[in-house]
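Topology and contacts: notes
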Amino acid sequence: MLRRILSENGRDYIGTYAFAITCLVAISMSTAFLAWILKDIVDEAFARQRADVIWWITAGIFAAFVVRGAATYGQAVALAQIGNNIVARYQRRLFSHLMELGVGYLGETRSAQLAARIGQNASGIRDVLNLTVTSLAKDLLTLVALVGVMFYQDWVLTLAVFLVGPPVVVALRYISKRLRAVTREAVLVNSRVYGVMQETMQGIAIVKAFTMEDQLRHKVDYLVSDAEARSNRIVRLTERTGPLTDSLAGLAVAGILAYAASQTINSNELPGALVSFIGALLFAYDPARRLAKLQVNMERAIVNARMIYEVLDIVPHQPDAPGAKAIEISGGEIRFEHVSFGYAETSPVLHDVSFVAEAGKTTALVGPSGAGKTTIVNLLPRFYDLPEGRILIDGQDIGKVTKHSLRAGIAYVSQHPYLFEGTIRDNIRYGRPDASDAEVEEAARLAFAHDFILEQPEGYETPIGEGGSTLSGGQRQRLSIARALIRNAPILLLDEATSALDTESEVLVQKALDEAMSGRTVLVIAHRLSTIARADRIVVMMRGKVTEQGTHAELAAMDGGIYARFLKLQALGLDGSEDLGLERKPAVSEVDNG
Ligand code: ADP
């Protein structure tokens with residue numbers, strides 16, 4: 001993991017790292033110097049009372065502190081900048097990667113949790129790199145320099161100190177292994193907490209309407225306690241290194257002091273060397289403790305880094321075919337040839353579907369819920385790849401062209417108009433980013449949206465609330481139609497809204513749709529009788545199969561056909577809408593009631 005992170009990022013930061021490491025070397029050298037000079041302070045200044053060297057010693061100490069301060073500042077800023085840059089870089093990388101992933105993957109994953117997880121994980125990579133650099137360069141260098149001073153002053157004692165090493169290593173191994181599992185669980189629990197919170201905010205109307213508050217509170221309560229407990233466990237495990245290393249260090253320092261005291265009492269040697277030795281030992285303690293904890297801290301960072309790479313390593317499963325060319329759409333004829341498809345291999349959804357949607361005409365897909373109409377519409381922009389059969393647009397197999405060119409030729413108006421963060425103008429312009437302001441307004445006019453947009457507080461620059469909640473359903477639909485219009489694509493996929501709008505909006509939405517449909521090849525999932533009646537061609541679907549297709553007249557004349565039966569029921573004043581997945585025709589009494 002470390003090697004991968006370094007090879008992907010290290011090169012870009014070599015200069016900054018070199019600077020940071022220079023600073024770190026300066027820090028370790030000045031620290032070692034302070035320990036080393038202790039001998040002269042004791043022996044020359046105090047024991048021998050040489051006034052002439054005091055100036056040199058004090059000037060040296062002052063200089064060492066100044067160097068250490070400046071170097072500490074330099075390395076901290078340099079490393080933090082690299083760290084922030086790494087977080088930013090991985091956030092960008094993840095976002096583009098997520099957009100590359102198939103609709104299938106994102107459909108199966110809870111997006112709020114994924115976002116929360118990424119937020120937590122991105123810092124993992126930064127921590128891995130910074131921990132490596134700070135610990136290895138700063139702490140290790142400082143430790144080596146100080147051990148050098150210790151050896152120089154008293155090598156026998158130095159060897160004695162090293163006896164405490166092995167038990168510490170064994171204990172740390174054990175702790176870091178347990179930490180690995182706990183950290184992963186903690187990240188997942190935390191992302192569930194954020195996920196539930198975010199989904200609650202998004203669905204706040206449903207939450208309140210169904211008085212789900214208490215249930216959600218319980219759920220979040222439980223998750224939060226779980227997350228809290230896990231965080232506490234992580235802290236206990238991580239900090240367990242403290243008492244361990246502290247006790248052992250105390251033992252070593254106390255032992256050495258006892259030895260040193262008896263040495264000076266029983267001999268005539270000046271105590272300078274021993275004071276310097278103890279100074280070095282005390283200075284060495286902090287970096288040694290951090291190094292001991294390195295593996296433990298690293299374990300947490302690596303768990304996060306690994307989770308990031310789990311997402312980054314998902315291969316987008318529909319790469320363009322090698323040598324794929326841009327599709328050239330002239331009329332926009334859509335032809336399904338023996339298409340079979342299932343979301344999971346075990347449960348086929350479409351069986352041998354063949355039909356043609358003629359260029360420039362409107363083809364209505366009808367059939368009961370679950371018949372596979374949406375699936376057909378999803379296959380056209382190649383959200384999923386086909387295991388069997390072909391889909392051709394103007395005679396070109398969509399599996400053999402670039403996805404980007406294919407999607408550029410398609411505009412889509414969904415049942416639930418989805419609006420994004422930004423202004424009204426931004427939302428229309430998502431249809432075609434290079435559209436001019438005049439074109440945006442022209443599209444809004446054609447979609448009968450211009451007037452209500454001007455009534456908004458800031459007109460086209462009015463920011464849109466999440467999901468467009470400050471706009472009415474009909475207004476949102478007209479904005480999404482304007483977005484499709486400005487795309488000016490030869491093919492329009494339309495999933496007709498089933499939710500009832502008030503009559504006035506209804507009329508405006510319908511007019512906007514008529515505008516969007518004219519002159520294009522339209523594939524519409526029809527939920528209204530009026531839409532079918534005006535379609536040039538009707539494709540009836542049942543349980544993943546096309547059961548009948550043709551013009552209204554052809555289907556009406558078809559003996560024993562579902563469509564013909566539906567028309568007969570209608571003529572008798574009976575309701576057969578469900579067979580075709582249409583909205584139920586309101587009964588006369590309901591109309592009377594308004
Ligand atoms: P319709 O639009 O006619 O109501 P759909 O195309 O949405 O029908 O669904 C057809 C079948 O495919 C249904 O049985 C549905 O359960 C299944 N299905 C739809 N979307 C998915 C999906 N993302 N993953 C798995 N199965 C799905």
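Keep in mind that this is a model prediction, so the values were computed, not measured.

Residues given the UniProt feature "transmembrane region" (unreviewed entry) here are residues 12-38 and 53-71. Across residues 12-38, the secondary structure splits into 93% helix and 0% strand, with the terminal C-alpha atoms separated by 42 Å. In this annotation, residues 53-71 is assigned 100% helix and 0% strand; the end-to-end C-alpha distance for the span is 27 Å.

Further remarks concern the side chain of Ser340. Within the element layout of this structure, Ser340 appears in strand E1 (residues 334-341). Looking at Ser340, the relative accessible area reads 15%, which means it is buried. A polar atom in the side chain of Ser340 sits 3.0 Å from the backbone nitrogen of Asp352. Excluding residues that lie within four positions of it along the chain, Ser340 makes contacts with Leu350, His351, Asp352, Pro387 and Glu388.

Looking now at empty space enclosed by the protein. Under the definition given, this model contains one cavity of 30 Å³ or more. The space that makes up the largest cavity amounts to roughly 110 Å³. What lines the largest cavity is a set of 16 residues, among which Gln477, Glu496, Ala497, Val509 and Leu513 lie closest to the centre. Only helix H17 (473-487), strand E9 (491-495) and helix H18 (503-517) provide two or more residues apiece to the lining of the largest cavity.

The next thing to look at is the site of the ligand. The immediate surroundings of the ligand are formed by Tyr343, Val349, Pro368, Ser369, Gly370, Ala371, Gly372, Lys373, Thr374 and Thr375. Within the backbone of Gly372, an N or O atom sits 2.9 Å from an oxygen atom of the ligand. The separation between an oxygen atom of the ligand and a polar side-chain atom of Thr375 is 2.4 Å. For the ligand, whose free accessible area comes to 560 Å², the fraction covered by protein is 55%. Within the shell around the ligand, the residues separate by chemical class into four nonpolar, five polar and one charged.

Bringing the layout of surface pockets into the picture now. A volume near 690 Å³ is recorded for the second largest pocket. Lining the second largest pocket are 26 residues, and of these Leu143, Val164, Gly165, Val168 and Ala288 lie nearest its centre. Put simply, the parts of the chain that give the lining of the second largest pocket at least two residues each are helix H5 (111-153), helix H7 (165-202), helix H10 (241-266) and helix H11 (272-312). At nine residues, H11 tops the list of elements feeding residues into the lining of the second largest pocket.

Moving on to the nonpolar core. By size, the foremost hydrophobic cluster in this structure holds 44 residues, and its most contacted members are Val366, Ile428, Ile453, Leu479, Ile481, Leu492 and Tyr563. It is H17 that provides the largest number of residues to this core, a total of six residues. Apart from residues lying up to four places away in sequence, Ile428 is in contact with Val440, Ala444, Ile453, Tyr460, Leu479, Ala482, Arg483 and Ile486. Ala78, Val133, Ala137 and Ala305 belong to the second-largest nonpolar core, a separate cluster that totals 33 residues.

Close approach of charged atoms allows side chains with opposite charge to pair. For the coordinates displayed, the defined rule picks out 29 salt bridges. Among the salt bridges present, the one from Arg89 reaches Asp12, with a minimum N-O distance of 2.7 Å. Of this pair, Arg89 sits in helix H3 (residues 51-100) while Asp12 sits in the loop between helix H1 (2-9) and helix H2 (14-47), and the two are 77 residues apart along the sequence. On the basis of relative accessibility, which here comes to 23%, the residue Arg89 falls in the partly exposed class. Ionic pairing is found between Arg184 and Glu310, a salt bridge with its closest N-O pair at 2.7 Å. Of this pair, Arg184 sits in helix H7 while Glu310 is found in helix H11, placing the two residues 126 residues apart along the sequence. Relative accessible area serves as the criterion here: at 28%, Arg184 is assigned to the partly exposed category.

A few words on the packing of aromatic side chains. Given two aromatic rings, one states the distance between the centres and the angle between the planes to describe the pair. Applying the stated criterion across every chain yields a total of 10 aromatic pairs. Their ring planes at 55 degrees and their centres at 5.6 Å tell us that Phe341 and Tyr384 sit as a pair that is tilted. Of this pair, Phe341 sits in strand E1 while Tyr384 sits in the loop between helix H12 (373-379) and strand E4 (388-393), and the two are 43 residues apart along the sequence. One exposure class covers both Phe341 and Tyr384, and it is buried.

Scoring rules and cut-offs
- Residues numbered from 1 in each chain as written.
- Predicted model: local features only at pLDDT ≥ 70, side-chain atom pairs only at ≥ 80, totals over all residues.
- Heavy atoms only, no water.
- UniProt positions renumbered as here; feature names shortened; annotations may be inferred.
- Helix = DSSP H or I, 4+ residues; strand = E, 2+ residues; numbered from the N terminus.
- Buried < 20%, exposed > 50% of the residue type's maximum accessible area, 1.4 Å probe, protein only.
- Polar contact = N/O pair within 3.5 Å; in protein donor to acceptor, adjacent residues only side chain to side chain.
- Contact = heavy atoms within 4.5 Å.
- 1 Å grid on protein atoms, 1.4 Å probe; cavity = no way out; pocket = protein on both sides within 12 Å on 5 of 7 lines; lining within 4 Å.
- Points joined across faces, edges and corners; volume = space filled by probe spheres on them.
- Near = heavy atom within 4 Å.
- Areas by Shrake-Rupley, 256 points an atom, 1.4 Å probe, with all protein chains shown as cover.
- Nonpolar A, V, L, I, M, F, W, Y, C, P; charged D, E, K, R; others polar.
- Core = buried A, V, L, I, M, F, W, Y, C linked by side-chain atoms within 4.5 Å.
- Salt bridge = Lys/Arg side-chain N within 4 Å of Asp/Glu carboxyl O.
- Phe/Tyr/Trp six-rings, centres within 6.5 Å; stacked < 30°, edge-to-face > 60°.

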